[in-house]
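Each chain is listed here by its residues.
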Amino acid sequence: QELQLLREKGLDTSSIRFDRIYEQPVNRISRSIAELYWDGLTRHIDEKGLLSIIRDEKIATTDGVHYLYVPPSDKLAFSYFNEVSRRHPEWHLQIVRLPNRIAPDYVRHLEGHQGILTLALTSQQDGVVSGVPFVVPGGRFNEMYGWDSYFIVLGLLNDGRISLAKSIVENFIYEIVHYGAILNANRTYYLTRSQPPFLTSMGLACARYIADDSTRHLWLQTVLEAAVQEYKDVWMSPQRHTSIGLNRYFDSGIGMPPEVEPGHYDPVLAVYVKKHRMDVKKFESEYRNGKIKEPELDRFFVHDRAMRESG
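Note that the coordinates shown come from a computational prediction; the quantities given were computed from them, not determined experimentally.

(A) Structural detail: the pattern of salt bridges. Following the criterion strictly, the structure yields 22 salt bridges and no others. Of the charged contacts in the structure, one is a salt bridge between arginine 187 and aspartate 56, with a shortest N-O distance of 3.0 Å. Of this pair, arginine 187 sits in the loop between helix H8 (162-179) and helix H9 (199-207) while aspartate 56 is found in the loop between helix H4 (50-54) and strand S2 (66-70), placing the two residues 131 residues apart along the sequence. Residue arginine 187 is classed as buried on the basis of its relative accessible area of 0%. As a salt-bridge pair, arginine 86 and glutamate 83 come within 2.4 Å of each other at their nearest N and O atoms. Residue arginine 86 and its partner glutamate 83 are both found in helix H5 (residues 75-87); the two are separated by 3 residues, about one turn of the helix. When its relative accessible area of 57% is taken as the criterion, arginine 86 is described as exposed. One connected set of salt bridges, linked through shared partners, spans Arg193, Asp251, Glu259, Asp304, Arg305 and Arg308.

(B) Structural detail: the sheet that holds S2. Reading across the sheet, the 3 strands line up as S3-S2-S4 and stay open at both edges, with parallel pairing between neighbours. Only two strands of the sheet have a single neighbouring strand rather than two, namely strand S3 (93-97) and strand S4 (115-117). Geometrically, the sheet is characterised by an average inter-axis angle of 25° between neighbouring strands, direction not taken into account. The sheet contact formed by S2 and S4 spans 3 bridges and is parallel. Considered in S4, the bridge of leucine 68 is made with isoleucine 116. With respect to the sheet, H5 is in contact with S2 and S3, its orientation differing from that of S3 by roughly 165°.

(C) Seen up close, the packing of aromatic side chains. Scanning the model with the defined rule gives 19 aromatic pairs in all. On the numbers, 4.9 Å between centres and 90° between planes, the contact of tyrosine 265 with phenylalanine 301 is edge-to-face. Highlighted residues: tyrosine 265 in the loop between helix H10 (214-235) and helix H11 (266-276) and phenylalanine 301 in helix H13 (residues 295-309), separated in sequence by 36 residues. Residues phenylalanine 300 and phenylalanine 301 carry aromatic rings whose centres are separated by 5.1 Å and whose planes lie at 80° to one another, so their mutual orientation is edge-to-face. Judged by its relative accessible area of 1%, phenylalanine 301 is buried. Of the aromatic side chains, those joined through ring pairs into one cluster are Tyr265, Tyr272, Phe283, Tyr287, Phe300 and Phe301. One residue, arginine 97, lies across the ring of phenylalanine 78, its end atom 3.8 Å from the ring centre.

(D) Local environment of unusual backbone geometry. A positive phi angle, near 55°, is found at histidine 92, a position not held by glycine. Positionally, histidine 92 belongs in the loop between H5 and S3.

(E) Structural view of the packing of H8 against H9. In the contact formed by H8 and H9, the axes pass within 10 Å of each other and the chain directions differ by 145°. Crossing of H8 against H9: the hand is left-handed. Contacts between H8 and H9 involve Ala165, Lys166, Val169, Phe172 and Ile176 on the former and, on the latter, Leu199, Met202, Gly203 and Cys206. Of the residues in the contact of H8 with H9, the class split is 7 nonpolar, 1 polar and 1 charged.

Cut-offs used in this document
Residues numbered from 1 in each chain as written. Predicted model: local features only at pLDDT ≥ 70, side-chain atom pairs only at ≥ 80, totals over all residues. Heavy atoms only, no water. Salt bridge = Lys/Arg side-chain N within 4 Å of Asp/Glu carboxyl O. Helix = DSSP H or I, 4+ residues; strand = E, 2+ residues; numbered from the N terminus. Buried < 20%, exposed > 50% of the residue type's maximum accessible area, 1.4 Å probe, protein only. Pairing = 2+ DSSP bridges. Axes fitted to C-alpha atoms, helices over the stretch in contact; angles between N-to-C directions. Contact = heavy atoms within 4.5 Å. Phe/Tyr/Trp six-rings, centres within 6.5 Å; stacked < 30°, edge-to-face > 60°. Lys NZ or Arg CZ within 6 Å of the ring centre and 35° of its normal. Left-handed = near helix turned anticlockwise from the far one by under 90°. Nonpolar A, V, L, I, M, F, W, Y, C, P; charged D, E, K, R; others polar.

Here you go:
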């Protein structure tokens, strides 16, 4: 590994540290995370970091436009990203303001025009706007995930990256305030789905690393107010609070989750493909757009989506 790293630097002669050759694998991984991976996995949704995010193949659209969705309650984001779009016409970036009420039908009809959802921005006194950073769970991702982030926060705190850990928590607070929930991830097809509630655990973990003063107390108050809102609006909602007093996972989205790999549901669809006498791609297309009605298949996807909210 040390030789390969030197080759990647274009060197043909160099010295290798003795302690690196005999470094225990677990120590090497831990050191690599601290020195390399945290920065490599950090993302910003702002002018500086947006281009690599919108080029993600997971959000390819039918018209080639890159869509960025902004909650109606964030006026700064709407004006800022419209200005970014104006400055970079070559990005083919379209800014869309979400409706005040996000219905499942609305989310379903975004298929083919799906995109990334904005997260928190900060505005400096000099007018410079920047995205509050977050860390993704792996190099193929460009969005902030729900419960993955809890374990990321623990790792960041362990490596002394307190500010970055707090930033993730602050982005989750933004999601609760502006989207009504901590989302599975900040993409449009996750607007109907949350993930296991770890906000209070993340906030309390960060608080242990913050100086015990008024700033710490105000920050914790903001975290807990968001957690109370999430508890009432998400976990105690009629969809997730059952008649026997227990809570459950649920996704109000309709039909097949769009984020799965092609062919993922082929075994499930086989019986319906046979019934309708068409190939699987045509059946999937007509089922997705509502031309084919199959209540039993609808029920399957209600459970499938709930499983995905469970993590």
